[in-house]
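Residues per chain are reported as follows:
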Amino acid sequence: MTTQIIPALDLIDGQVVRLIKGDYNQKKIYQYKALEKLQEYEKAGAKELHLVDLTGAKDPSKRQLNLIKQLSQEIKANLQVGGGIRTKEEIKSLLDCGVKRVVVGSITIKNPNLCIEILKEFGNEAIVFALDTILKDDYVIAINAWQETSDKKLMEVLDFYSAKGLKHILCTDISKDGTMQGPNIKLYKLIHEIFPHIHIQASGGIAKLEDLKKLKGICDKIIVGKALLDKVFSVEEGIKCLQNA
């Protein structure tokens, strides 16, 4: 397995931001322009880029479709977009904008029948299930922008959807996100061992190049946001690290 780094940007009303553990009240605004930053990442060698539309996540009627379309037209790298996507219409709109993959989250728990339809209609290459998790007695799924913890266990959800053709997941240990405390290696190893056919995108807590090395061969992709924005390491360094690890 080749493990890739995917640089990530979170956008509110076109601004590049970072939230701590999904909290809109704990927001850091960066003075980067989204297009320039994505082009910088692409020039550095990134083949895929990840966007979170936080405006659309809060209010689907305000989804930043015009901006997303512009960004997808201006870059050659594959663009993956998430942020509170709840309907097939929203998925189609994003794919029509030139987005390569669409990330869906809470509806995987709230509306499994719809998610099965989504996998069939759009194909498992175009869809990523975001399964945000936190360890209680077991790993359980958090929903509604991490404001609620469901009663669904991560491994049971993966078992259910893997039988329906699920291929790509974006798994975040929400206790790690935005904290720069390192990723939950144990969690990703567990998923990889039980579901080796599922392609894992690791997200949350990436703080140093050593974290990338630990995830190589376990995860298909590693999403990195804050560490790149804060210049802890560069895309070039991340790619080189994964090639040499």
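Preceding this section is the structure that the text describes.
Quick look at the structure, then. (Residues numbered from 1 in each chain as written. Predicted model: local features only at pLDDT ≥ 70, side-chain atom pairs only at ≥ 80, totals over all residues. Heavy atoms only, no water.)

Some remarks on a negative patch on the surface
On the surface, Asp137, Asp138, Glu156 and Asp159 cluster together into a patch of negative charge. Inspection of the secondary structure assignment puts Asp138 in the loop between strand 7 (127–135) and strand 8 (139–143). (Patch = residues over 30% accessible without salt bridge, like charges linked within 9 Å, V, L, I, M, F, W, Y side chains within 5 Å. Areas by Shrake-Rupley, 256 points an atom, 1.4 Å probe, with all protein chains shown as cover. Salt bridge = Lys/Arg side-chain N within 4 Å of Asp/Glu carboxyl O. Lys, Arg positive; Asp, Glu negative; His and termini not counted. Charge placed at Lys NZ, Arg CZ, Asp CG, Glu CD. Helix = DSSP H or I, 4+ residues; strand = E, 2+ residues; numbered from the N terminus.)

So, the packing of aromatic side chains
Counted by the stated rule, this structure contains three aromatic pairs. Seen from their ring centres, Phe160 and Tyr161 are 4.9 Å apart, and the 75° between their planes marks the pair as edge-to-face. By relative accessible area, which is 36% here, Phe160 ends up partly exposed. In textbook terms, an aromatic cluster arises when at least three aromatic residues are bridged by ring pairs, as seen for Phe129, Phe160 and Tyr161. (Phe/Tyr/Trp six-rings, centres within 6.5 Å; stacked < 30°, edge-to-face > 60°. Buried < 20%, exposed > 50% of the residue type's maximum accessible area, 1.4 Å probe, protein only.)

Here we look at the pattern of salt bridges
With the rule as written, the count across this model stands at 16 salt bridges. The closest approach of N and O atoms between Glu117 and Lys88, which form a salt bridge, is 2.9 Å. Separated by 29 residues along the polypeptide, Glu117 in helix 6 (residues 112–122) and Lys88 in helix 4 (residues 88–96) bring together distant segments of the chain. Note on Lys88: relative accessible area 22%, which makes it partly exposed. Among the salt bridges present, the one from Lys208 reaches Asp211, with a minimum N-O distance of 3.7 Å. Taking relative accessible area as the criterion, Asp211 reaches 2% and is therefore assigned buried.

What to know about unusual backbone geometry
Phi is positive for Asp13, which is not a glycine, with a value near 50°. The exposed category is assigned to Asp13, whose relative accessible area is 62%. Of note in the backbone geometry, Lys231 takes a positive phi value of approximately 60° without being a glycine. Locating Lys231 in the fold gives a position in the loop between helix 10 (226–229) and helix 11 (235–244). Residue class for Lys231 comes out exposed when judged on its relative accessible area of 59%.

Looking at the packing of helix 1 (residues 34–43) against helix 3 (residues 65–74)
When two helices pack together, their arrangement is given by the angle between their axes and by how far apart the axes lie. Where helix 1 contacts helix 3, the two axes come as close as 10 Å, and the packing angle between them is 30°. Relative to helix 3, the element helix 1 lies roughly parallel. The element helix 1 and its partner helix 3 pack so that their crossing is right-handed. Residue-level inspection shows Ala34, Leu35, Leu38 and Gln39 of helix 1 in contact with helix 3, the latter providing Gln70, Leu71 and Glu74. Here the contact of helix 1 with helix 3 is composed, by residue class, of four nonpolar, two polar and one charged. (Axes fitted to C-alpha atoms, helices over the stretch in contact; angles between N-to-C directions. Parallel < 35°, antiparallel > 145°, perpendicular 65-115°, else oblique. Left-handed = near helix turned anticlockwise from the far one by under 90°. Contact = heavy atoms within 4.5 Å. Nonpolar A, V, L, I, M, F, W, Y, C, P; charged D, E, K, R; others polar.)

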